[in-house]
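Okay, here's what each chain looks like letter by letter:
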Amino acid sequence: MKILGVETSCDETAVAIVENGTKVISSSLASSLPLHAKSGGIIPEIAAREQTKTIIPVVTEVLGEPPSKQIDAIAVTFGPGLHGSLIVGVEVAKTLSYVWKKPLIPVSHLISHIYATWIENTTPPKFPLIALIVSGGHTELVYMQGHGNYKSLGGTRDDAAGESLDKIARLLRLGYPGGPAIEKAAIQGDSQKFNLPRPLLNSPDYDFSFSGLKTAVTSLVSNIGEENLSDNINNIAASVQAAVVEVLITKAKKASASLPAESIVFGGGVAANKLLREEAGKSLSIPVFFPPINLSVDNGVMVAAAAYFNYKIVPWSKLEPDPSILL
Ligand code: KG4
Ligand code: ZN
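Residues numbered from 1 in each chain as written. Chains lettered and ligands numbered in written order. Predicted model: local features only at pLDDT ≥ 70, side-chain atom pairs only at ≥ 80, totals over all residues. Heavy atoms only, no water.

## Re the pattern of salt bridges
- For the structure on display, the rule yields twelve salt bridges.
- Of the charged contacts in the structure, one is a salt bridge between Arg157 and Asp207, with a shortest N-O distance of 3.1 Å. Of this pair, Arg157 sits in the loop between strand E8 (149-155) and helix H5 (161-171) while Asp207 sits in the loop between helix H6 (178-187) and helix H7 (211-224), placing them 50 residues apart in sequence.
- Through salt bridges with shared partners, a single network forms among Arg157, Asp205, Asp207 and Lys251. (Salt bridge = Lys/Arg side-chain N within 4 Å of Asp/Glu carboxyl O. Helix = DSSP H or I, 4+ residues; strand = E, 2+ residues; numbered from the N terminus.)

Here's what the structure looks like:
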(Lines give C-alpha, C1' and ligand atoms only; values in the text may rest on other atoms or scores of the structure.)
(Ligands and ions follow the chains in the order given, each with its own letter.)
Protein backbone atom coordinates (compact mmCIF):
# COMPACT_ATOMS: atom_id res chain seq x y z
CA MET A 1 0.00 0.00 0.00
CA LYS A 2 1.33 3.44 -0.98
CA ILE A 3 0.36 6.39 1.21
CA LEU A 4 0.93 10.07 0.47
CA GLY A 5 1.86 11.88 3.70
CA VAL A 6 1.37 15.64 4.11
CA GLU A 7 2.95 17.58 6.99
CA THR A 8 2.46 21.33 7.56
CA SER A 9 2.12 21.62 11.35
CA CYS A 10 4.92 24.13 11.91
CA ASP A 11 7.38 25.81 9.53
CA GLU A 12 7.87 22.91 7.10
CA THR A 13 5.89 21.99 4.01
CA ALA A 14 6.70 18.31 3.63
CA VAL A 15 5.18 15.61 1.45
CA ALA A 16 6.23 12.00 0.84
CA ILE A 17 5.05 8.68 -0.55
CA VAL A 18 5.81 5.66 1.63
CA GLU A 19 5.07 2.02 0.84
CA ASN A 20 3.79 -0.24 3.61
CA GLY A 21 4.84 2.21 6.31
CA THR A 22 8.56 1.66 5.82
CA LYS A 23 9.84 2.16 2.26
CA VAL A 24 10.31 5.73 1.00
CA ILE A 25 9.20 6.05 -2.63
CA SER A 26 9.67 9.82 -2.86
CA SER A 27 9.91 12.77 -0.52
CA SER A 28 10.16 16.54 -0.72
CA LEU A 29 10.36 19.38 1.77
CA ALA A 30 10.36 23.18 1.75
CA SER A 31 11.16 25.04 4.94
CA SER A 32 10.39 28.64 5.84
CA LEU A 33 13.07 28.45 8.55
CA PRO A 34 15.38 31.09 7.00
CA LEU A 35 12.47 33.57 7.10
CA HIS A 36 12.22 33.13 10.87
CA ALA A 37 15.95 33.34 11.59
CA LYS A 38 15.85 37.14 11.95
CA SER A 39 13.06 37.12 14.53
CA GLY A 40 14.63 34.24 16.51
CA GLY A 41 11.35 32.30 16.46
CA ILE A 42 8.54 31.23 14.18
CA ILE A 43 6.04 33.87 13.10
CA PRO A 44 2.88 31.80 12.45
CA GLU A 45 1.43 34.12 9.80
CA ILE A 46 4.65 34.07 7.77
CA ALA A 47 4.92 30.27 8.09
CA ALA A 48 1.34 29.72 6.85
CA ARG A 49 1.66 32.16 3.95
CA GLU A 50 4.84 30.44 2.81
CA GLN A 51 3.14 27.04 3.06
CA THR A 52 0.31 28.14 0.77
CA LYS A 53 3.00 29.02 -1.79
CA THR A 54 5.09 25.86 -1.44
CA ILE A 55 2.51 23.11 -0.91
CA ILE A 56 1.58 22.59 -4.59
CA PRO A 57 5.20 22.60 -5.86
CA VAL A 58 6.15 20.13 -3.10
CA VAL A 59 3.19 17.83 -3.89
CA THR A 60 4.03 18.06 -7.61
CA GLU A 61 7.66 17.15 -6.98
CA VAL A 62 6.64 14.05 -5.05
CA LEU A 63 4.00 12.87 -7.55
CA GLY A 64 5.90 13.75 -10.72
CA GLU A 65 4.70 16.06 -13.48
CA PRO A 66 2.44 14.81 -14.99
CA PRO A 67 1.54 12.72 -11.91
CA SER A 68 3.00 9.25 -12.41
CA LYS A 69 2.84 7.67 -8.97
CA GLN A 70 -0.01 5.47 -7.87
CA ILE A 71 -1.43 6.34 -4.43
CA ASP A 72 -3.76 4.19 -2.28
CA ALA A 73 -4.53 6.69 0.50
CA ILE A 74 -3.72 10.20 1.73
CA ALA A 75 -2.49 10.97 5.24
CA VAL A 76 -2.24 14.39 6.81
CA THR A 77 -1.12 15.93 10.10
CA PHE A 78 -4.26 17.49 11.59
CA GLY A 79 -2.73 18.59 14.92
CA PRO A 80 -1.11 19.56 17.20
CA GLY A 81 0.52 22.59 15.58
CA LEU A 82 -0.04 26.11 14.31
CA HIS A 83 -3.64 26.54 13.18
CA GLY A 84 -2.96 28.49 9.98
CA SER A 85 -0.23 26.03 8.98
CA LEU A 86 -2.35 22.95 9.69
CA ILE A 87 -5.18 24.34 7.53
CA VAL A 88 -2.91 24.41 4.47
CA GLY A 89 -2.01 20.71 4.65
CA VAL A 90 -5.46 19.56 5.72
CA GLU A 91 -7.25 21.41 2.90
CA VAL A 92 -4.86 20.08 0.26
CA ALA A 93 -5.22 16.51 1.59
CA LYS A 94 -9.03 16.83 1.65
CA THR A 95 -9.03 18.11 -1.92
CA LEU A 96 -6.85 15.22 -3.13
CA SER A 97 -9.06 12.72 -1.29
CA TYR A 98 -12.18 14.18 -2.93
CA VAL A 99 -10.73 14.41 -6.44
CA TRP A 100 -8.96 11.03 -6.43
CA LYS A 101 -11.67 9.28 -4.38
CA LYS A 102 -9.01 7.87 -2.06
CA PRO A 103 -9.26 7.29 1.72
CA LEU A 104 -8.12 10.11 4.02
CA ILE A 105 -6.25 9.33 7.26
CA PRO A 106 -5.73 12.06 9.89
CA VAL A 107 -2.47 11.72 11.84
CA SER A 108 -1.32 13.27 15.12
CA HIS A 109 1.98 15.08 14.75
CA LEU A 110 3.32 13.58 17.98
CA ILE A 111 2.45 10.03 16.97
CA SER A 112 4.02 10.57 13.56
CA HIS A 113 7.33 11.48 15.27
CA ILE A 114 7.31 8.02 16.91
CA TYR A 115 6.96 6.30 13.51
CA ALA A 116 10.05 7.97 12.02
CA THR A 117 11.86 5.04 13.65
CA TRP A 118 10.03 2.49 11.49
CA ILE A 119 11.32 3.93 8.20
CA GLU A 120 13.70 1.62 6.29
CA ASN A 121 14.22 -0.27 9.57
CA THR A 122 14.29 -4.08 9.33
CA THR A 123 14.33 -4.42 13.13
CA PRO A 124 11.77 -1.84 14.36
CA PRO A 125 11.06 -1.26 18.07
CA LYS A 126 9.24 -4.01 19.95
CA PHE A 127 6.12 -3.47 22.08
CA PRO A 128 5.36 -2.50 24.72
CA LEU A 129 7.47 0.59 24.26
CA ILE A 130 8.11 3.96 25.82
CA ALA A 131 8.30 6.95 23.48
CA LEU A 132 9.75 10.31 24.37
CA ILE A 133 8.74 12.99 21.88
CA VAL A 134 10.89 16.09 22.23
CA SER A 135 10.13 18.85 19.77
CA GLY A 136 9.79 22.61 19.58
CA GLY A 137 6.23 22.47 20.86
CA HIS A 138 6.09 19.32 22.99
CA THR A 139 7.85 17.15 25.53
CA GLU A 140 5.65 14.10 25.88
CA LEU A 141 6.32 10.71 27.41
CA VAL A 142 4.06 8.02 25.94
CA TYR A 143 3.44 4.35 26.74
CA MET A 144 2.52 2.24 23.75
CA GLN A 145 1.34 -1.35 23.98
CA GLY A 146 0.81 -1.73 20.25
CA HIS A 147 -0.01 0.26 17.12
CA GLY A 148 -2.95 2.54 17.90
CA ASN A 149 -2.62 2.03 21.65
CA TYR A 150 -1.23 5.20 23.26
CA LYS A 151 -1.21 6.41 26.84
CA SER A 152 0.33 9.70 27.90
CA LEU A 153 2.55 9.23 30.96
CA GLY A 154 3.40 12.91 31.32
CA GLY A 155 4.41 16.02 29.50
CA THR A 156 5.74 19.50 29.93
CA ARG A 157 3.96 21.84 32.31
CA ASP A 158 5.32 24.93 30.54
CA ASP A 159 7.97 25.25 27.81
CA ALA A 160 8.87 22.25 25.68
CA ALA A 161 12.52 21.13 25.60
CA GLY A 162 13.07 22.51 22.09
CA GLU A 163 11.23 25.72 22.93
CA SER A 164 13.53 26.32 25.91
CA LEU A 165 16.61 25.75 23.70
CA ASP A 166 15.18 28.16 21.10
CA LYS A 167 14.48 30.85 23.74
CA ILE A 168 17.87 30.45 25.43
CA ALA A 169 19.67 30.58 22.07
CA ARG A 170 17.87 33.84 21.32
CA LEU A 171 19.00 35.20 24.68
CA LEU A 172 22.58 34.19 23.87
CA ARG A 173 22.21 35.55 20.32
CA LEU A 174 23.14 32.17 18.86
CA GLY A 175 20.46 32.22 16.17
CA TYR A 176 17.44 30.11 15.24
CA PRO A 177 16.69 27.24 15.54
CA GLY A 178 18.25 27.20 18.97
CA GLY A 179 18.76 23.44 19.46
CA PRO A 180 21.40 22.98 16.75
CA ALA A 181 22.99 26.37 17.60
CA ILE A 182 23.36 25.40 21.27
CA GLU A 183 24.65 21.96 20.28
CA LYS A 184 27.31 23.55 18.07
CA ALA A 185 28.43 26.11 20.68
CA ALA A 186 28.47 23.39 23.37
CA ILE A 187 31.20 21.45 21.54
CA GLN A 188 33.73 24.12 22.60
CA GLY A 189 32.22 24.55 26.06
CA ASP A 190 32.55 23.06 29.53
CA SER A 191 29.22 21.72 30.84
CA GLN A 192 30.52 21.75 34.46
CA LYS A 193 31.11 25.49 34.38
CA PHE A 194 27.60 26.54 35.40
CA ASN A 195 25.28 24.50 37.55
CA LEU A 196 21.86 25.14 36.04
CA PRO A 197 18.59 23.87 37.53
CA ARG A 198 17.13 20.50 36.49
CA PRO A 199 13.42 21.17 37.16
CA LEU A 200 11.26 18.21 38.28
CA LEU A 201 14.29 15.91 37.98
CA ASN A 202 13.23 13.71 40.87
CA SER A 203 9.51 14.45 40.96
CA PRO A 204 7.36 11.34 41.40
CA ASP A 205 5.55 11.93 38.08
CA TYR A 206 6.57 11.94 34.43
CA ASP A 207 6.11 15.67 33.95
CA PHE A 208 8.68 18.15 32.71
CA SER A 209 9.26 21.87 33.20
CA PHE A 210 11.82 23.87 31.27
CA SER A 211 10.79 27.50 31.71
CA GLY A 212 12.87 27.80 34.92
CA LEU A 213 15.96 26.97 32.92
CA LYS A 214 15.44 30.00 30.72
CA THR A 215 14.91 32.18 33.81
CA ALA A 216 18.13 30.80 35.33
CA VAL A 217 20.08 31.58 32.14
CA THR A 218 18.56 35.09 32.04
CA SER A 219 19.90 35.88 35.52
CA LEU A 220 23.22 34.15 34.77
CA VAL A 221 23.65 36.35 31.69
CA SER A 222 22.91 39.50 33.67
CA ASN A 223 25.36 38.45 36.45
CA ILE A 224 28.10 37.72 33.95
CA GLY A 225 27.55 41.08 32.27
CA GLU A 226 27.37 41.99 28.62
CA GLU A 227 31.13 42.64 28.39
CA ASN A 228 32.06 39.11 29.54
CA LEU A 229 29.26 37.26 27.80
CA SER A 230 31.08 36.23 24.63
CA ASP A 231 33.83 34.50 26.68
CA ASN A 232 31.18 32.42 28.43
CA ILE A 233 28.72 31.61 25.64
CA ASN A 234 30.11 28.13 24.88
CA ASN A 235 30.18 27.17 28.55
CA ILE A 236 26.59 28.36 29.04
CA ALA A 237 25.49 26.43 25.93
CA ALA A 238 27.21 23.26 27.18
CA SER A 239 25.66 23.68 30.66
CA VAL A 240 22.17 24.23 29.18
CA GLN A 241 22.46 21.20 26.91
CA ALA A 242 23.67 19.05 29.82
CA ALA A 243 20.73 20.14 32.01
CA VAL A 244 18.10 19.42 29.32
CA VAL A 245 19.63 16.06 28.42
CA GLU A 246 19.92 14.97 32.06
CA VAL A 247 16.24 15.69 32.72
CA LEU A 248 15.11 13.86 29.55
CA ILE A 249 17.28 10.80 30.22
CA THR A 250 16.32 10.62 33.91
CA LYS A 251 12.58 10.58 33.12
CA ALA A 252 13.03 8.06 30.30
CA LYS A 253 15.06 5.85 32.63
CA LYS A 254 12.45 6.11 35.35
CA ALA A 255 9.68 5.08 32.93
CA SER A 256 11.68 2.16 31.57
CA ALA A 257 12.43 0.92 35.09
CA SER A 258 8.82 1.21 36.31
CA LEU A 259 6.87 -0.13 33.34
CA PRO A 260 7.18 -3.32 31.34
CA ALA A 261 8.91 -2.16 28.15
CA GLU A 262 10.87 -3.86 25.38
CA SER A 263 12.18 -0.67 23.78
CA ILE A 264 12.42 3.07 24.09
CA VAL A 265 11.89 5.36 21.12
CA PHE A 266 12.97 8.99 20.84
CA GLY A 267 11.46 11.35 18.29
CA GLY A 268 11.08 15.03 17.44
CA GLY A 269 13.64 17.70 16.55
CA VAL A 270 15.51 17.56 19.87
CA ALA A 271 16.11 13.83 19.23
CA ALA A 272 18.65 15.00 16.62
CA ASN A 273 20.88 16.03 19.52
CA LYS A 274 24.11 14.01 19.69
CA LEU A 275 24.58 14.28 23.46
CA LEU A 276 21.02 12.99 23.99
CA ARG A 277 21.77 10.08 21.65
CA GLU A 278 25.03 9.23 23.43
CA GLU A 279 23.56 9.46 26.93
CA ALA A 280 20.51 7.40 25.97
CA GLY A 281 22.77 4.68 24.58
CA LYS A 282 24.86 4.69 27.78
CA SER A 283 22.18 5.05 30.44
CA LEU A 284 19.19 2.99 29.33
CA SER A 285 19.15 -0.74 29.81
CA ILE A 286 16.54 -1.60 27.13
CA PRO A 287 17.05 -1.20 23.35
CA VAL A 288 17.05 2.48 22.36
CA PHE A 289 15.77 3.74 18.98
CA PHE A 290 16.43 7.10 17.34
CA PRO A 291 15.32 8.07 13.83
CA PRO A 292 17.98 9.19 11.35
CA ILE A 293 18.76 12.89 11.97
CA ASN A 294 16.79 14.08 8.90
CA LEU A 295 13.68 12.21 10.09
CA SER A 296 13.95 13.50 13.69
CA VAL A 297 12.86 16.96 12.55
CA ASP A 298 9.51 17.41 10.79
CA ASN A 299 9.00 15.53 7.50
CA GLY A 300 6.26 13.97 5.36
CA VAL A 301 7.65 10.44 5.49
CA MET A 302 6.75 9.87 9.14
CA VAL A 303 3.15 10.98 8.51
CA ALA A 304 2.67 8.34 5.80
CA ALA A 305 4.33 5.70 8.02
CA ALA A 306 2.12 6.53 11.02
CA ALA A 307 -1.00 6.36 8.83
CA TYR A 308 -0.11 2.89 7.56
CA PHE A 309 0.18 1.48 11.10
CA ASN A 310 -2.84 3.49 12.38
CA TYR A 311 -5.17 3.11 9.43
CA LYS A 312 -8.27 5.04 10.52
CA ILE A 313 -10.21 6.67 7.70
CA VAL A 314 -12.42 9.76 8.01
CA PRO A 315 -14.68 11.22 5.30
CA TRP A 316 -12.89 14.22 3.79
CA SER A 317 -15.87 16.48 4.56
CA LYS A 318 -15.52 15.76 8.31
CA LEU A 319 -11.84 16.58 8.79
CA GLU A 320 -10.83 19.82 10.51
CA PRO A 321 -7.44 20.79 11.96
CA ASP A 322 -7.19 20.47 15.75
CA PRO A 323 -4.20 22.52 16.98
CA SER A 324 -4.47 21.22 20.55
CA ILE A 325 -4.88 17.44 20.27
CA LEU A 326 -2.02 15.38 21.64
CA LEU A 327 -2.15 11.67 20.75
O1 KG4 B 1 9.99 18.30 15.64
P2 KG4 B 1 10.49 19.61 15.19
O3 KG4 B 1 11.24 19.67 13.87
O4 KG4 B 1 9.31 20.66 15.09
C5 KG4 B 1 8.27 20.67 16.04
O6 KG4 B 1 7.43 19.76 15.99
O7 KG4 B 1 8.35 21.57 16.91
O8 KG4 B 1 11.41 20.18 16.36
C9 KG4 B 1 12.00 21.44 16.29
C10 KG4 B 1 12.80 21.67 17.56
C11 KG4 B 1 13.35 23.08 17.69
O12 KG4 B 1 13.06 23.56 18.98
C13 KG4 B 1 14.84 22.91 17.49
O14 KG4 B 1 15.62 23.87 18.19
C15 KG4 B 1 15.07 21.51 18.03
O16 KG4 B 1 13.93 20.79 17.60
N17 KG4 B 1 16.27 20.85 17.50
C18 KG4 B 1 17.32 20.45 18.26
C19 KG4 B 1 18.29 19.94 17.36
N20 KG4 B 1 17.78 20.03 16.09
C21 KG4 B 1 16.55 20.61 16.20
N22 KG4 B 1 17.51 20.47 19.59
C23 KG4 B 1 18.68 20.00 20.05
N24 KG4 B 1 19.67 19.52 19.27
C25 KG4 B 1 19.52 19.47 17.92
N26 KG4 B 1 20.49 18.99 17.16
ZN1 ZN C 1 7.67 18.03 15.09
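## Re the packing of aromatic side chains
- Here the structure, examined in full by the defined rule, presents eight aromatic pairs.
- The interplanar angle of 35° and the centroid separation of 4.9 Å between the aromatic rings of Tyr115 and Trp118 together place this pair among those described as tilted.
- With a centroid separation of 5.0 Å and an interplanar angle of 90°, the aromatic rings of Tyr308 and Phe309 are classed as edge-to-face.
- By relative accessible area, Tyr308 is classed as partly exposed at 30%.
- Members of the aromatic cluster, connected to one another through ring pairs, are Tyr115, Trp118, Phe127, Tyr308 and Phe309.
- For Lys254, the ring lying beneath its charged end belongs to Tyr206, and the centroid distance is 4.5 Å. (Phe/Tyr/Trp six-rings, centres within 6.5 Å; stacked < 30°, edge-to-face > 60°. Buried < 20%, exposed > 50% of the residue type's maximum accessible area, 1.4 Å probe, protein only. Lys NZ or Arg CZ within 6 Å of the ring centre and 35° of its normal.)

## Some thoughts on the sheet that holds strand E10 (residues 288-289)
- With mixed pairing, five strands are arranged side by side in an open sheet as E8-E7-E6-E9-E10. Of all the strands in the sheet, the pair left with one neighbour each is E8 and E10.
- Two strands pair when backbone bridges link them, and strand E7 (residues 139-146) and E8 are joined in this way by six bridges, in the antiparallel orientation. Residue pairing in the sheet places Leu141 in a bridge with Gly154 of E8.
- In the packing of helix H8 (residues 226-258) onto the sheet, contacts are made with strand E6 (129-134), E7, E8 and strand E9 (263-267), and the angle to E6 comes to roughly 160°. (Pairing = 2+ DSSP bridges. Contact = heavy atoms within 4.5 Å. Axes fitted to C-alpha atoms, helices over the stretch in contact; angles between N-to-C directions.)

## Points about the site of ligand 1
- Surveying the vicinity of ligand 1 reveals 20 residues, the closest of which are His109, Gly136, Asp166, Gly179 and Glu183.
- One of the backbone nitrogen or oxygen atoms of Gly136 is found 2.8 Å away from an oxygen atom of ligand 1.
- Expressed as a share of its isolated accessible area of 550 Å², the protein-covered part of ligand 1 is 90%.
- For the shell around ligand 1, the elements supplying multiple residues, two or more each, are helix H4 (109-115), H5 and H6.
- Ranked by residue count, the leading element in the shell around ligand 1 is H6, at four residues.
- When the residues that make up the shell around ligand 1 are grouped by side-chain class, the tally is six nonpolar, eleven polar and three charged.
- Counting residues domain by domain, the shell around ligand 1 receives three or more from each of domain 1 (2-115 + 296-318) and domain 2 (126-291). (Near = heavy atom within 4 Å. Polar contact = N/O pair within 3.5 Å; in protein donor to acceptor, adjacent residues only side chain to side chain. Areas by Shrake-Rupley, 256 points an atom, 1.4 Å probe, with all protein chains shown as cover. Nonpolar A, V, L, I, M, F, W, Y, C, P; charged D, E, K, R; others polar. Domains from an automatic or database assignment.)

## Things to note about the UniProt feature "domain: Gcp-like" (unreviewed entry) in the protein
- Look at the UniProt record and you will see "domain: Gcp-like" (unreviewed entry) annotated at residues 23-304.
- Across residues 23-304, the secondary structure splits into 48% helix and 17% strand, with the terminal C-alpha atoms separated by 10 Å. (UniProt positions renumbered as here; feature names shortened; annotations may be inferred.)

## Quick word on the UniProt feature "binding site: substrate" (unreviewed entry) in the protein
- Mapped onto this structure's residue numbering, the UniProt feature "binding site: substrate" (unreviewed entry) falls at Ile133, Val134, Ser135, Gly136, Gly137, Asp166, Gly179, Glu183 and Asn273.
- Along the chain, Gly179 falls in helix H6.
- Using a relative accessible area of 18% as the deciding quantity, one classes Gly179 as buried.
- If near-sequence neighbours (up to four positions away) are discounted, Gly179 is found in contact with Leu165 and Asp166.
- Structurally, Glu183 is set in helix H6.
- Not counting the four nearest positions on each side in its chain, Glu183 is found in contact with Gln241, Ala272, Asn273, Lys274 and Leu275.

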